Amino acid sequence: MFDGKEYVYAVYEEKSFSKAAQKLYITQPALSTAIKKVEKKIGSPIFDRSTSPIGLTPSGEVYIDAIEKLFALEQNTINQLNNLNGLLTGKLSIGGTIFFTSFILPGILGEFSRKYPQIKIELIEGTTSQLTDKLMGEELDLIIDNSELDDKNYEKYYYNTERIILAVPKEFEINKELKEYQLTSADIRNRLHRDDDFPALPLPLLKNTPFIFVKEENSIYKRGVKMCSRQNYTPNITLKPDQVVSAFNMAGKGIGATFIPDALVESLSYEVPLCYYKMEESLAVRQVYFYKKRNKYLTKTMEEFIRVAVGDEGFQKVREAREKENQEKKSQEKRYGAKNTGSL
């Protein structure tokens, strides 16, 4: 039934017989013949050829779901066999937003590559929703993100804690009125903004200051809106770029104030003409994690990368937390099973 599944999946991915044929380096008639053989075996069409682009029939949806599970099973089996054989080679695919791929991952990847030069690394940039889709589809092994993703679908490995701060162009006159709240880039690198005694900026003091907010799907947008709402402050939003890095660069050119993660400033080796301000802590603090798909086999390569990223001590804490969680689940299952047995 699954002979020719690669042909079917290529058409599904490309939404086109001609594009799939090009991808597979075969002729379109040969591809069509192969697909028809599979459809004959399962007794119904897989693709609805009347739509543009080509869509799936209900039978096709069942078939695609099945072969995706087969692909995942094949890859997991290969990973387990490689680990049993003591191999630490192959490929590692990692995803992150532009902020993480530009400022956080390069250092980690550099250290990992020096330690394991035989491993090929694939780095993918995208939005959080794009990256989680690829992670669930097993196109990615790991992603790094500051969103709280559902534990039912993902396993997480703590990387660090970051704080959202406000960056305001130095040329803005309002900075003269905010001296007691003001921080320099050196202060941020020295983590003065994490001191409980340092005052957070009341947002209403910004009056009609122009703001740059990232797009609505971004976590920093949602937190920024809540920060303003809690203080009954309505920001004067003039621009909405896709990424935090773009918003930061625009702020540096004097376009407006913007919310950014403190790690961005800590990572810079050069000065940007901005003043920085601490935000009220309940919404400013967020955790950064490496995520993998739950139930996806954790290869030695993935394990070693996480260990390089979070350190031996951090990785050990993660392993202990996971073991404790698994023990608690087993205990719950036993209690639930005993309860059901007793009721029979």
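Residues numbered from 1 in each chain as written. Predicted model: local features only at pLDDT ≥ 70, side-chain atom pairs only at ≥ 80, totals over all residues. Heavy atoms only, no water.

Trainee: Is there a simple way to think about the packing of aromatic side chains in this case?
Mentor: Centre-to-centre distance and the angle between the planes together describe a pair of aromatic rings. For the structure on display, the rule yields 16 aromatic pairs. When the centroid spacing of 5.7 Å and the interplanar angle of 80 degrees are considered together, the rings of F213 and F259 count as edge-to-face. One end of the pair, F213, is in the loop between β8 (210–212) and α8 (219–230); the other, F259, is in strand β10 (residues 258–261), and 46 residues separate them in sequence. Directly above the ring of Y12 sits K15, whose terminal nitrogen or CZ lies 4.7 Å from the centroid. One Lys or Arg, K156, reaches over the ring of Y289 and ends 4.6 Å from the middle of that ring. (Phe/Tyr/Trp six-rings, centres within 6.5 Å; stacked < 30°, edge-to-face > 60°. Helix = DSSP H or I, 4+ residues; strand = E, 2+ residues; numbered from the N terminus. Lys NZ or Arg CZ within 6 Å of the ring centre and 35° of its normal.)

Trainee: What is the right way to look at the packing of helix α1 (residues 5–14) against helix α2 (residues 17–24) in this model?
Mentor: Between two packed helices, what matters for the description is the angle formed by their axes and the separation of those axes. Closest axis-to-axis distance for the α1/α2 pair is 8 Å, and the angle between their directions is 125 degrees. Compared by their axis directions, α1 and α2 come out oblique. Like other packed secondary-structure pairs, α1 and α2 cross with a definite hand, here right-handed. Along the contact surface, α1 presents Y7, A10, V11, E13 and E14, while α2 presents F17, K19, A20, K23 and L24. The residue makeup of the contact of α1 with α2, split by class, is 6 nonpolar, no polar and 4 charged. (Axes fitted to C-alpha atoms, helices over the stretch in contact; angles between N-to-C directions. Parallel < 35°, antiparallel > 145°, perpendicular 65-115°, else oblique. Left-handed = near helix turned anticlockwise from the far one by under 90°. Contact = heavy atoms within 4.5 Å. Nonpolar A, V, L, I, M, F, W, Y, C, P; charged D, E, K, R; others polar.)

Trainee: What exactly am I supposed to notice about the side chain of S219 here?
Mentor: Relative to the helices and strands, S219 resides in helix α8. Taking the relative accessible area as the measure of exposure, S219 reaches 15% and is therefore buried. Among the polar contacts made by the side chain of S219, one reaches the side chain of R286 at a distance of 3.1 Å. Discounting residues that sit within four places of it in the chain, S219 has contacts with N146, S147 and R286. (Buried < 20%, exposed > 50% of the residue type's maximum accessible area, 1.4 Å probe, protein only. Polar contact = N/O pair within 3.5 Å; in protein donor to acceptor, adjacent residues only side chain to side chain.)

Trainee: Would you mind showing me how to read empty space enclosed by the protein here?
Mentor: In this approach, a probe sized like a water molecule rolls over the atoms, and the result shows the empty space that is left. Within this structure, the stated rule accounts for 2 cavities of 30 Å³ or more. By volume, the largest cavity is sized at about 50 Å³. Secondary-structure elements contributing two or more residues to the lining of the largest cavity are β6 (154–169) and α11 (281–284). (1 Å grid on protein atoms, 1.4 Å probe; cavity = no way out; pocket = protein on both sides within 12 Å on 5 of 7 lines; lining within 4 Å. Points joined across faces, edges and corners; volume = space filled by probe spheres on them.)

Trainee: Looking at this structure, I do not really get the layout of surface pockets. What am I missing?
Mentor: There is about 410 Å³ of room inside the second largest pocket. Lining the second largest pocket are 23 residues, with T128, S147, E217, N218 and S219 sitting closest to its centre. Broken down by secondary-structure element, the contributors of at least two residues to the lining of the second largest pocket are α5 (98–115), α6 (128–136) and α8. Of the residues that constitute the lining of the second largest pocket, the class distribution is 5 nonpolar, 10 polar and 8 charged.

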